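# A closer look at the structure
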Amino acid sequence: MALVSELQYKKFNLLGGWLVFLIAATTYLLTLEPTVSLWDCGEFIASSYKLQVGHPPGAPFFMLMARFFTFFTGDVSRAALMVNAMSALASAFTILFLFWTITHLVRKIVPENNQNMTPAELITIISSGLTGALAYTFSDTFWFSAVEAEVYATSSLFTAVVFWAILKWENVADQKYANRWLILIAYLMGLSIGVHLLNLLAIPAIVLVYYFRKYKVTRHGVAVALGLGFLLLGFLMYVIIPGIVKLAAWFELFFVNGLGMPFKSGVLFYIAVLTTGIIYGIWYTHKKSKVVLNTILVAFTVILIGYSSYAAIVIRSLANPPMDENNPEQVFSLLAYLNREQYGDRPLISGQYYNAPVKEYKEGKPTRSQVDGKYEITAHKTDIVYDDRFTTFFPRMYSAVPQHVQVYKDWANINGTPVRVINRQGQQEVIRKPTFGENILFFIKYQLGHMYFRYFMWNFSGKQNDNQSHGGILDGNWISGIPALDELRLGSQLMPPSLKDHPARNTYFLLPFLLGLSGLLFHASRKSKDFWVVMLLFFFTGIAIVIYLNQTPLQPRERDYAYAGSFYAFAIWIGIGVAAFVNVLPRSVNPKIKAAGAGLLALILVPGLMAFQNWDDHDRSERTFARDMAFNYLKSCAPNAILFTHGDNDTFPLWYAQEVEGFRTDVRVVNLMLLNADWYIEMMKRKAYDSEALPVSFTNEELRHGNLNTVFLIERVSGFVDVGKAIEFVTSDNPETKKIPGNRGSVDHLPAKKFRLAVDTFNVVANGTVDKNEIDNMLPALEWNINKSRITKSELVALDILANNNWERPVYF
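Model, not experiment: these values are computed from the prediction.

## Regarding helix α23 (residues 591-618)
- When the terminal C-alpha atoms of α23 are compared, their 38 Å separation across 28 residues agrees well with the 40 Å that a helix rising 1.5 Å per residue should span.
- For α23, the principal kink sits at G608 and spans about 35°.

Here it is, written out as structure tokens:
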């Protein structure tokens, strides 16, 4: 029997990899969105093209790469297309490395003689790589991220490359200079921090590969290796990433506040000391032949080199661009930016239930600002202390938002246990505390079942439609296309054409899932070490993320993109499933025919079917909705207008239109959610392009962190109060304006709930808001009532803008 040489195998393996790359690249480039899409894409493109500062934690390396791609636009209207194309190419390269990962793992299973390979075995290996890689190419989640300007495509590429790199190291681990692969992995992980932290979740699997290759395997050794993997992951996420900047902050505070030196002197000294120490450490360990310590130091160094992409964030912020989110130009604001402090905290290991009574509010972490040549504490975070009886290990139901509480009750069938408490009025009442079993039931049914397993089955079984689901049988469920199976969960599958022919209704008849399951079992039985490596990757990029995110109900959009790495790992098993399929076929069949037939059948029934089903709803080549919406909003505004928006989806496309295409830069877009932040208000008080600064009367000091976050509405004055007078009242230095009956402390409040804004007839006619023929129909003032007890800083500043605008600039919502 003719055997396949190593050179022949390498040629076929190389050819197969580039074949799937071409298929994936062609698919994604044909179906990518030609302009900006919703969510973060508009902001990412705007930040990349105009060198702005995007939302925390910034993704600086992603934006640097995106900026490079925008050099090839030709004209500004193609900038989004080029950044989308970057995601498409990154995704295609992910498929390339997935193919080589699968063939590496299958080659360790299939050849009966490790030194020799038959043509049939070669066909099996290449078919496995093709099937697994193409299944992931056409999977729902990965395809969706591959055709838009989001970080997840690039993050997937980093994960694919580092996992492939540790397998390459495995091949040459005993050779000289093998550790260069480990250094490469460290460098790529440092760079990936500037894209997304998802890549770091491959660390435990990488550590396990290292242990299996270098040490005799024992249960104790495996446990130690897993523990080291977890520790290394935690060390990078919670020590290196924030710790490097936190140490810089300590130096800066000592040099500026302690020694009276200029701002940034402590940071510069810290960088010099750190750099000198690293250089000396590498030189000393090399001179003394301390190989392990030298490798660790070099790995640490290249991680820092990759991580240094965050310098771009600071440099951009120092230039005070029109989009400067969180203003991270000094070390303390940069630390808050990296830690995503604006998004708040969530309990993970222990914490409160949603109905836990509050015992007290404590002064928490300080916020420091530059004041008169020093870093002064200008505010503190508020730490909430809850009743211990209402706290639990592994809290899953913690949000007190009423809508969230109702979902908790619906999903976990909460009955609870009665607990007597003393309420704020000093009276006894009974609160039913959820049981730990109900807490776990919500975790299993909602967080695991609805927010992970449903997404998993979207990719490998089928998808009902793309309507966002919060439960129920009509929206966004997974299906199989097998009526009897689907009817057990979702009822009758007889439906009108609008549902049956929905483009996003995709059915794979469980074939990808079953092929992957067979590959999983086959892998476990033949190469248990490799199986556990892939299983760790699968777990940490899937279920571990579910545990870490601890998501509340009613998310603003489907979150399947967060688990793409888990689906990547399962695609490896889909590829190995082809080898399992070949293995169960009768030995009497000609080996070449058996391998080729099984491979061809798997290709048709799995990636072929997925491509056929998914193409119509993933083809976004003519989708321009987000850009059109942004242009239409801006076109509808009069010159020099103020346009209030609410959240990401209606703001980011507007930013794209103004920042990238330069369209209607006279309109000032004001995001009401961000208007709660002092740094954003400072941005609004600066001129941006053709838009004058907003008429905000509050000083920066009055709005610093913690000031005027909440303003109470207390009706001390009857009738309607002029808005301008109300703003003067809340900013007055007179202590009497902070006193309310029955309260000894100072309370920021407005003395009314009814407000009046006089209409400047001349201005509204002069700027075209009202036609001059309609003057007789104009009201002398706008009057309204705010039916709540308090307003936020954002609402207060919006009132201030209206009061000081004097009807000079048209206002839109």
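Resuming the write-up.
## What about the sheet that holds strand β16 (residues 790-792)?
- Strand order across the open sheet formed by 3 strands is β13-β11-β16, with mixed pairing between neighbours. Whereas interior strands pair on both sides, the edge strands pair on one side only; in this sheet they are β13 (749-750) and β16.
- The pairing of strand β11 (residues 710-713) with β16 spans 3 bridges and is classified as antiparallel. Bridge pairing links V711 to I791 in β16.
- Sheet strands touched by helix α29 (residues 793-805): β11, β13 and β16. Its angle to β16, the strand with the most contacts, is close to 85°.

## Things to note about the packing of helix α19 (residues 511-526) against helix α22 (residues 564-584)
- Contact geometry of α19 with α22 gives a least axis separation of 6 Å together with a crossing angle of 75°. Taken together, the axis directions place α19 and α22 in an arrangement best described as roughly perpendicular. Residue-level contacts link P512, F513, L515, G516, L517, S518, G519, L520, F522, H523 and R526 of α19 to F570, W573, I574, I576, G577, V578, A579, A580 and N583 of α22.
- Residue classes in the contact of α19 with α22 are distributed as 13 nonpolar, 6 polar and 1 charged.

## Observations concerning the sheet that holds strand β12 (residues 721-722)
- Strand order across the open sheet formed by 3 strands is β12-β14-β15, with mixed pairing between neighbours. What marks the edges here is a single partner per strand, and that holds for β12 and β15 (781-785).

## Things to note about the pairing of strand β10 (residues 668-671)
- By the alternation rule, side chains of β10 split into R668 and V670 and V669 and N671, which are all buried.
- Here strand β9 (residues 642-645) pairs with β10 via 4 bridges, running parallel. Among the inter-strand pairings, L643 is bridged to a residue of β10, identified as V669.
- In the classification by handedness, the crossover that spans β9, the intervening helix α25 (residues 648-659) and the parallel β10 is right-handed.

## Describing the pattern of salt bridges
- Counted by the stated rule, this structure contains 18 salt bridges.
- Close ionic contact of E33 with R620 constitutes a salt bridge, the shortest N to O distance being 3.0 Å. In this pair, E33 is assigned in the loop between α1 (6-31) and α2 (41-50) and R620 in the loop between α23 and α24 (625-635), connecting sequence segments 587 residues apart. Assigned by exposure class, E33 and R620 land together as buried.
- The partner of E736 in a salt bridge is K739, and the shortest N-O contact between them spans 3.5 Å.
- With relative accessibility at 43%, the residue K739 sits in the partly exposed group.
- Through salt bridges that share partners, E33, E148 and R620 make up one connected network.

How each quantity is defined
Residues numbered from 1 in each chain as written. Predicted model: local features only at pLDDT ≥ 70, side-chain atom pairs only at ≥ 80, totals over all residues. Heavy atoms only, no water. Helix = DSSP H or I, 4+ residues; strand = E, 2+ residues; numbered from the N terminus. Expected span 1.5 Å × (residues − 1). Bend = angle between axes of the 7 residues up to and from the residue. Pairing = 2+ DSSP bridges. Contact = heavy atoms within 4.5 Å. Axes fitted to C-alpha atoms, helices over the stretch in contact; angles between N-to-C directions. Parallel < 35°, antiparallel > 145°, perpendicular 65-115°, else oblique. Nonpolar A, V, L, I, M, F, W, Y, C, P; charged D, E, K, R; others polar. Buried < 20%, exposed > 50% of the residue type's maximum accessible area, 1.4 Å probe, protein only. Right-handed = clockwise from strand over helix to strand, strands pointing away. Salt bridge = Lys/Arg side-chain N within 4 Å of Asp/Glu carboxyl O.

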